Amino acid sequence: MVNFGKRLMEDQLEEWKEYYINYKMMKKKVKQYVQQTQNGGRNREQVLKEFSRMLDDQIEKIVLFLLQQQGHLAIRIEKLGEERAVLMEQSDSSQVSELREAYREVGIDLMKILRFVDMNATGIRKILKKFDKRFGYKFTDYYVSTRANHPCSQLQQIFKQVGLVAVVGTLSRNLAFLQDHQGNFPSIYDHPSITLKDPIIEQINHSVQKLTHATNLLQFIGQHALIVPEDMQSGSEDLVDDQSYHFMSLLLNLANTFLYMVNTYIIVPTADDYSVSLGAAATVCGVIIGTMAVAQVFSSVYFSAWSNKSYFRPLVFSSIMLFLGNLLYALAYDVNSLAVLIVGRLLCGLGSARAVNRRYISDCVPLKLRLKASAGFVSASALGMACGPALAGLLQTNFKIYGLTFDQSTLPGWIMCVAWITYLFWLCISFKEPDHIARENSVNTLSSDSGHRRSSNLEDGLAKPFLMDAKESLDENGQENDDNEEDPEDSHKPAASLAAAYRLLTPSVKVQLLIYFMLKFAMEVLLSESSVVTTFYFNWSTSTVAMFLAVLGLTVLPVNVIVGSYITNLFQDRQILVASEIMVLIGIVMSFRFTSGYSVPQYVSSALITFVFAEVLEGVNLSLLSRVMSSRLSRGTYNGGLLSTEAGTLARVAADMTITAAGYLGQSSLLNATLLPSLLICVASIVATFCTYNSLY
C-alpha cells in the first residue's frame, strides 16, 4: 500500500503544491527532535513550543490559501448570478443549459478545494499521531484543546468548513432554480429534506460529509453495525460488483440477524417463571438469559474466522445449533431439568452468526449499497429486539400434545424451532456463495496441487523481499524514506491474533470500548431483571412486562431518525457522546429505590431515559470508534466488529451474572444491588471520556 507521504506527493495539484502541508519536512523534524531529546540537546518543553509554532505556520498557510480560493469562487458565483438574473428577464431558455454547465464548472473547482482540505486535514492528523507515538506524549490533546476551542481558531477552518458549505448551498440553490426557471422548484432552505439530483452536487455533498464527518440517517444507523464505509475513491479495491452481488443472500443474512435477536429476547418476560417452575429461584433468570451470551463470546471468534472461507456453511451450522438449542429449551420443562434448559441456551449462543452477518455486508455488498445494508442490519436487530418480547406476550396459553407441554414458558422454544427450521430450508435453496470466496477456494485448491512446482523457486522467493526492501527504503533522492515508519494504523495488514489486535488499541479506542461495555451492561441489567423487578414491586403480568419491553425496543428506530437526521448536524459526535453518557447516568440514578415506596412512573421514566440514551450513545460511540480505530482492524478475523461484539457480549455476561449473584441478597435488594455496578462503570466511562476528549476530534 502507498504510504501517506507518497500519496500526498502524487495527488496534490501542481499549481497548489506550495500550499499543502510539508509533511515530509514535518516528519524529519519529529525524527530530529527525538534524537535531540535523547542526546540531551533539547528539553521537551522547547520541542513542544517549536513544533507547535511550526504546525501553526503550516495551518496558517493552508487556511489563508483556502480563504483566497473561497473568495475566487464567490466572485465567479456572483457573476453567474448576474447572468442568471439577465437570462430570466429575457426568458431565453436556450442559454439555460450553458449557464447550468458554468455553475457545474464552479462545482468541479470546489471539489478540488475539498480534496485539498481533505489531504491537509489527513496530514495534520497523521503528523500529530506520529509526534505522540515517537514522544510518548499526548501532544494532540494539548494542541487541539488550545487551537480548536480558541475564538480565532484556524484549525476549525480546516475541520469545520462553514464557508465551503455555504458555497455548496449557493450552487445547489442556483442549479435547482435553473432546473425550473419558471421558479416553481421549491427552495432548498424552505424544504431542507429535498435534495437536488445533480451528479456534481452529489459528489460535492459526499466529499463534504466525508471531510466534516457529518452524518445522515443511514450513516448514523449503519454505524451501529461498525461496518465502516470505505472511501469512495478507493472503489477499485472493492471485491464486489453489481453483477456478483446477490440480494437474496443479503436478505438471508438480515433474516438471520432478526431471528437471532427475537431468539435472544423472546424468553426475557418468562425466564423467571420458567426457572421457578424448575425449582430454582426467580433470579436464576440471569443465568438463563446470560448463558447465551457466554457461548457467544466463543462463537464470535470461530464464526469470524470461518467467514474467511465461507458464508453458507457458517449460516447452516448456526441454524442447526439454534434449532437444537431451542428444542432443548422447550423440552426442559417436561424433563424437569434446569441443566437441559441451560444447555439449550448454550447451544443457541454457539449458533450466534452476527459476526458472519456483519462480515457479509462488509465484504459482499457493493460499496454504493453498503451503507443501506448496514442500516438494514441495525434495523433488523432493533425490530427483533422489539418483536421478541411482543411475541412472548401473545403466547399466554397452556395445553399438551402427546405429553409435551405448550405454555408461556415453553412456547418461545417451540416457536423458534419452527422459525429456524423454516429459515434453514430457505437458506439451502436460496443462498449463493459470493464469487470471490469461490475464486479463493479454487485458487487454494490449485495451489495445493502445484505446491511441488513452487518448491524449486524457494531461493528466488527468499531473495526478492530483501531486494524490494532495499529499493523501497530509499526515496527518489536516494535518501532514507521515513515513510516506512508509518504507524501500524497506516497499514492494511489485518491483525493475526487477539494479542496483536489488542496492541493496536490506542487509549481512545480503549475508552470507546469501555463506553460500549458500560452501555451494554446497563441495558442488559434493565432488560433482564425487568420481569423480576416489576413482578415484585408492581405485580405486573407477563403480558404487561412483554408490552413494556416491546415499547422499549420500538424506540430504537425513531431515536435513530431524530439523532441521525437532526442532532448530529447541530453538534459534534464527541459532544453528543458526553451528553448521552450523562443522561444514562441520570437514568441509572433515577432507577434507585431510595425510599420504601417504589412507583411505576419512577421505574418507567428512569428505564426510558436509560434505554433511549444508551441507544443514542451506542450509535455515536461506534461512529467515533470507527474513526479512531486502526485500519488494520477493518479486515481479517480479529476485526473491529469482533472486538466490539466481544466487549458487548462480555458486558451482557457480567450483567446477567450480577443479577443472579444479587438474588442471594433477596428480591427487595436486587434492584439497588444491580444498579450500583452500572453506576460505577458509568462514572468511570465519563471520567475516561474527558481524559481522551480532545483525541476524539
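Analysis parameters
Residues numbered from 1 in each chain as written. Predicted model: local features only at pLDDT ≥ 70, side-chain atom pairs only at ≥ 80, totals over all residues. Heavy atoms only, no water. Axes fitted to C-alpha atoms, helices over the stretch in contact; angles between N-to-C directions. Helix = DSSP H or I, 4+ residues; strand = E, 2+ residues; numbered from the N terminus. Parallel < 35°, antiparallel > 145°, perpendicular 65-115°, else oblique. Left-handed = near helix turned anticlockwise from the far one by under 90°. Contact = heavy atoms within 4.5 Å. Nonpolar A, V, L, I, M, F, W, Y, C, P; charged D, E, K, R; others polar. Pairing = 2+ DSSP bridges. Core = buried A, V, L, I, M, F, W, Y, C linked by side-chain atoms within 4.5 Å. Buried < 20%, exposed > 50% of the residue type's maximum accessible area, 1.4 Å probe, protein only. Expected span 1.5 Å × (residues − 1). pLDDT = per-residue confidence, 0-100. Salt bridge = Lys/Arg side-chain N within 4 Å of Asp/Glu carboxyl O. Disulfide = S-S within 2.5 Å.

**Brief notes about the packing of helix α22 (residues 507–528) against helix α26 (residues 573–591)**
Viewed as axis vectors pointing N to C, α22 and α26 meet at an angle of 30 degrees, and their least axial separation amounts to 12 Å. Between α22 and α26, the crossing angle belongs to the class labelled roughly parallel. Helix-helix and strand crossings are classified by hand; for α22 and α26 the assignment is left-handed. Between α22 and α26, the contacting residues are Q512, I515, M518 and A522 on the first element and L577, E581, V584 and I588 on the second. Taken together, the residues that form the contact of α22 with α26 break down as six nonpolar, one polar and one charged.

**Considering the pairing of strand β2 (residues 404–407)**
Note on strand geometry: in a regular strand, side chains alternate between the two faces of the sheet. With four bridges connecting them, strand β1 (residues 398–401) and β2 associate as antiparallel partners. Paired with K400 across the bridge in β2 is T405. From the end of β1 to the start of β2, which pair antiparallel, there are two residues, and Y402 there has a positive phi angle of about 55 degrees.

**Side note on the nonpolar core**
Counting 114 residues, the largest nonpolar core has L250, Y423, L427, F611 and L633 as the members making the most contacts within it. If sequence neighbours within four positions are ignored, Y423 has contacts with L252, N253, A255, N256, L259, L315 and S319.

**Concerning helix α17 (residues 411–430)**
A rise of 1.5 Å per residue sets the reference length of α17, with its 20 residues, at 28 Å; its end C-alpha atoms lie 28 Å apart and thus fit the reference within 8%. Residues L411, P412, G413, W414, M416, C417, W420, Y423, L424, L427 and S430 constitute the buried set of α17. Buried residues belonging to α17 abut α10 (247–265), α13 (312–335) and β2.

**So, the packing of α26 against helix α29 (residues 667–691)**
Where α26 contacts α29, the axes come no closer than 9 Å and their chain directions differ by 160 degrees. Here α26 lies roughly antiparallel to α29, going by the angle between them. By crossing handedness, the relation of α26 to α29 is classed as left-handed. The segment α26 lies against α29, with L577, V578, E581, I582, V584, L585, I588, V589 and S591 engaging L671, L675, S678, L679, C682, V683, S685, I686, T689 and F690.

**Quick notes on the side chain of S508**
Checked against the element boundaries, S508 lands in helix α22. The class for S508 is buried, based on a relative accessible area of 8%. With near-sequence residues (within four places) excluded, S508 lies in contact with V628, T692, S695 and L696.

**A word on the confidence of the model for the protein**
Per-residue pLDDT for the protein has a mean of 79; in total, 77% of the residues score no lower than 70. Contacts of residues 228–238 to residues separated by more than four positions or lying in other chains number 14 contacts, the stretch itself having pLDDT below 50.

**Re the pattern of salt bridges**
Overall, the coordinates contain seven salt bridges when judged by the stated rule. As a salt-bridge pair, K112 and D109 come within 3.8 Å of each other at their nearest N and O atoms. Of this pair, K112 and D109 are both found in helix α4 (residues 96–135), three residues apart, which corresponds to roughly one turn of the helix. By relative accessible area, K112 is classed as partly exposed at 37%. Each of D11, R115 and D118 takes part in a single network of salt bridges with overlapping partners.

**Here's the deal with the side chain of S530**
The residue S530 is located in helix α23 (residues 530–538) in this model. With sequence-adjacent residues up to four places away left out, S530 is seen in contact with V268, V545, L549 and Y603.

**Focus on the state of the cysteines**
In total, this model carries zero disulfides according to the counting rule given. Here C417 stays unpaired: no disulfide links it, and the sulfur of C348, its closest cysteine neighbor, is 8.3 Å away.

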